[in-house]
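Structural characterization, general
Listed here are the chains, written in short residue letters.
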Amino acid sequence: MMVRMAYVQRRSQRKDATMNTVKTPRRSFLRATAALSAAAAAASHLRAAGANDRLGVGVIGCGGRGGSHMYAYAQLAQRGVNVRIAAVCDVYKPRLARAADAHKAAAYMRHEDLLADPGVDVVSIATPDHVHGVQTIDAVRAKKDVYCEKPFTHWRQFEVTKRAIEEVKKSGRAFQLGTQGMSDRAWHQAAALIKEGAIGKPIHAECGYFRVGDWGERGMPVDDPNAQAGPDLDWKAFLGDAPARPFDASRFFRWRMYADYSGGPVTDLFPHSLTPVAHMLGAGAPAKAVAVGGKHRYDLEGREIPDTFNMLLEYPGGITVAVLGTQANDYQGTGARGAGGRSPVIRGWEGTITFEGAEIWVRPLGNKPPRKVPITAGEDWIQHFHNFLECCASGKTPQSPADLCFNVQTALHMGMLALQADRTARYDPEKAAIAT
Ligand SMILES: NC(=O)c1ccc[n+]([C@@H]2O[C@H](COP(=O)([O-])OP(=O)(O)OC[C@H]3O[C@@H](n4cnc5c(N)ncnc54)[C@H](O)[C@@H]3O)[C@@H](O)[C@H]2O)c1
């Protein structure tokens, strides 16, 4: 059976499986994507298959990160995974045309049109933060599996976060958040150690993201300072549910500088730091958050978002997590592991877990000798996309899944709302509401 037909059939069966009628089968698409070590065998199979038999990815957002998504899928295809970029979407025609040409893909300016393309089986979302949630909802409603960039939503969109995660879960589609650091086996091995009781009851963790520069904000490329809203630039679609404003080229190209579309370190960078820690702790959503920060180095004209952000989270059951970060200093620490140069430290009642070089160190309290556990594989950002495709085929849960995404995104909303209100943010799980 042709690979794509098998995937499509498997997908409709998985829909049934979510209704407890049919068990998810593992079919030929899974065999083709199962392991890069099997790439040679898969590659010979692929050579026999035509382009239309491959799994079709639709990439939404053809800017910097969208380019990386396309590169990752192209790399996987080269390594023998049965995937192709079927369609691309961007509200800015010049970027759209470049991506469509490079990948011989169908081009759409509206994501709704990309979702209606029968050649698109799964979607990869790399648009600005404030449109991710709505595009995820539309994609799973259109029965597409979703790889969505971090942060899952904009900091003011907690209602969208809740709705989108509900829709993802209801749909039974695969969902991977673009926190590629979750490809590092260290976090999964440490989660298992904590579960086994290696440090007793976990009680405290530290993590963070440190760098120098506002290259991700003010430094974003302005392709055309004279660009105008019109047939080649859909300003309304860019704005989404953000406040209506007249067109502004700086807002369009350098959206990360503006609070309407971005949150700065807490939403841009902390998903990378907090996601592994939240996974290791298995602590759910926080109960309380406090935060301090501001524009302490890059108080440049037009920049609205902080460059320094520090938050403390308290989880039910008494776990505290400190997430710290500044764009004014990038000291990497010793044996740094994970994004932003700060290795997490996890403390329990009976010991501490740290990450040192290629090992996890478990240090019991007192004078007992440490236990060193070799880390089986480090971060591999392309593996994160491969894991997504494997889960699309198998129905297994991806390594940065929806529930974890909800818990982390809730913490990020709470941190930003706490900073804005200069008060403690509290999450009420009964009402699923954040109050400051
Ligand atoms: N995982 C990572 O390490 C990583 C790295 C960089 C960026 N990101 C994330 O990727 C996302 C994109 O960041 P970027 O740096 O590529 O930004 P970018 O501005 O370079 O690209 C965004 C693209 O989306 C397009 N766009 C805007 N609104 C749209 C809409 N409604 N529909 C379709 N296209 C739309 C823009 O025209 C632009 O080409 C962000 O959420 C960012 O946080 C993640």
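Residues numbered from 1 in each chain as written. Predicted model: local features only at pLDDT ≥ 70, side-chain atom pairs only at ≥ 80, totals over all residues. Heavy atoms only, no water.

All right, on to the side chain of Q399 then. Its place among the elements puts Q399 in the loop between α14 (381-394) and α15 (402-421). Polar side-chain contacts of Q399 include one of 2.9 Å to the side chain of H384. Contacts of Q399, omitting those with residues within four sequence positions, involve Q176, M182, S183, R185, H188, Q383, H384 and N387. (Helix = DSSP H or I, 4+ residues; strand = E, 2+ residues; numbered from the N terminus. Polar contact = N/O pair within 3.5 Å; in protein donor to acceptor, adjacent residues only side chain to side chain. Contact = heavy atoms within 4.5 Å.)

Here the focus is the confidence of the model for the chain. Reading fine detail from the predicted coordinates is not recommended where pLDDT is low. For the chain, the mean per-residue pLDDT works out to 89, and 87% of the residues sit at or above 70. Long-range and interchain partners of residues 14-49, a stretch whose pLDDT sits below 50, account for 68 contacts in this model, where long-range means more than four residues apart. (pLDDT = per-residue confidence, 0-100.)

Time to look at the site of the ligand. Taken together, 31 residues sit near the ligand, with R65, D90, D129, Q180 and W255 positioned nearest. At 2.9 Å from an oxygen atom of the ligand is found a main-chain nitrogen or oxygen belonging to G64. Within the side chain of E149, an N or O atom sits 2.9 Å from a nitrogen atom of the ligand. When the ligand sits alone it has 850 Å² of accessible area, and the protein chains cover 90% of it. Elements with a minimum of two residues in the shell around the ligand: α4 (64-78), α7 (129-141) and α10 (235-239). The element best represented in the shell around the ligand is α7, accounting for four residues. (Near = heavy atom within 4 Å. Areas by Shrake-Rupley, 256 points an atom, 1.4 Å probe, with all protein chains shown as cover.)

Before going further, it helps to spend a moment on the sheet that holds strand β6 (residues 175-177). Working definition: the strands of a sheet are paired by backbone hydrogen bonds and lie parallel or antiparallel to each other. Taken together, the six strands give an open sheet; going across it, the order is β3-β2-β1-β4-β5-β6, and neighbouring strands pair in parallel fashion. For this open sheet the edge positions go to β3 (106-108) and β6, each flanked by a neighbour on one side alone. Neighbour-to-neighbour, the strand axes of this sheet turn through a mean angle of 20°, independent of strand direction. Both strand β1 (residues 55-60) and strand β4 (residues 122-125) contribute to a ladder of four bridges, which runs parallel. Opposite I60, over in β4, you have I125 as the bridge partner. (Pairing = 2+ DSSP bridges. Axes fitted to C-alpha atoms, helices over the stretch in contact; angles between N-to-C directions.)

Let's shift gears to the pairing of β1. Among the six residues that make up β1, six are buried, leaving the element largely enclosed by the rest of the structure. Residues L55, V57 and V59 line one face of β1 and the alternating positions G56, G58 and I60 line the opposite face, and both faces are buried. With six bridges connecting them, β1 and strand β2 (residues 83-89) associate as parallel partners. Paired with I60 across the two strands is C89, which belongs to β2. For the handedness criterion, the β-α-β arrangement of β1, α4 and β2 is classed as right-handed. (Buried < 20%, exposed > 50% of the residue type's maximum accessible area, 1.4 Å probe, protein only. Right-handed = clockwise from strand over helix to strand, strands pointing away.)

Take the packing of aromatic side chains next. Taken as a whole and judged by the stated rule, the model has 19 aromatic pairs. An angle of 45° between the planes, with centres 6.3 Å apart, marks the rings of F247 and F252 as tilted. With a centroid separation of 4.9 Å and an interplanar angle of 80°, the aromatic rings of F252 and F253 are classed as edge-to-face. An aromatic cluster is defined as three or more aromatic residues linked by ring pairs; in this entry it consists of Y92, W235, F238, F247, F252, F253, Y258 and Y261. Lying over the aromatic face of W349, K201 brings its terminal NZ or CZ to 6.0 Å of the ring centre. (Phe/Tyr/Trp six-rings, centres within 6.5 Å; stacked < 30°, edge-to-face > 60°. Lys NZ or Arg CZ within 6 Å of the ring centre and 35° of its normal.)

Between two packed helices, the angle of one axis relative to the other and the distance separating the axes together describe the packing. Two elements in contact, helix α13 (residues 270-281) and α15, have axes whose closest approach is 10 Å; the angle formed by their N-to-C orientations is 125°. Looking at the two axes, α13 sits oblique to α15. Taken as a pair, α13 and α15 cross one another with a handedness that is right-handed. Of the residues in α15, those in contact with F270, P271, L274, T275, A278 and H279 of α13 are L404, V408, A411 and L412. (Parallel < 35°, antiparallel > 145°, perpendicular 65-115°, else oblique. Left-handed = near helix turned anticlockwise from the far one by under 90°.)

The contact between helix α9 (residues 185-196) and α13 brings their axes to 8 Å, and the two run at 25°. If you check the angle between α9 and α13, you find them roughly parallel. The crossing of α9 and α13 is right-handed. Between α9 and α13, the contacting residues are W187, H188, A190, A191 and I194 on the first element and P276, H279 and M280 on the second.

Another aspect to go through is the nonpolar core. Grouped together as the largest cluster of nonpolar side chains are 72 residues, with contacts concentrated most on L274, M311, V321 and I353. At eleven residues, the largest contribution of residues to this core is made by α15. Each of domain 1 (3-182 + 384-401) and domain 2 (184-218 + 260-378 + 408-435) gives at least three residues to this core. Look past the residues within four positions of M311 in its chain and what remains in contact with it is V266, F270, L274, V290, A291, V321, A322, V323, A411, L412 and G415. (Core = buried A, V, L, I, M, F, W, Y, C linked by side-chain atoms within 4.5 Å. Domains from an automatic or database assignment.)

Across its 14 residues, α14 extends 20 Å between first and last C-alpha, which sits within 8% of the 20 Å expected from 1.5 Å per residue. Burial within α14 is extensive, with twelve of its 14 residues counted as buried. Taken residue by residue, α14 has I382, H384, F385, H386, N387, F388, L389, E390, C391, C392, A393 and S394 as its buried positions. (Expected span 1.5 Å × (residues − 1).)

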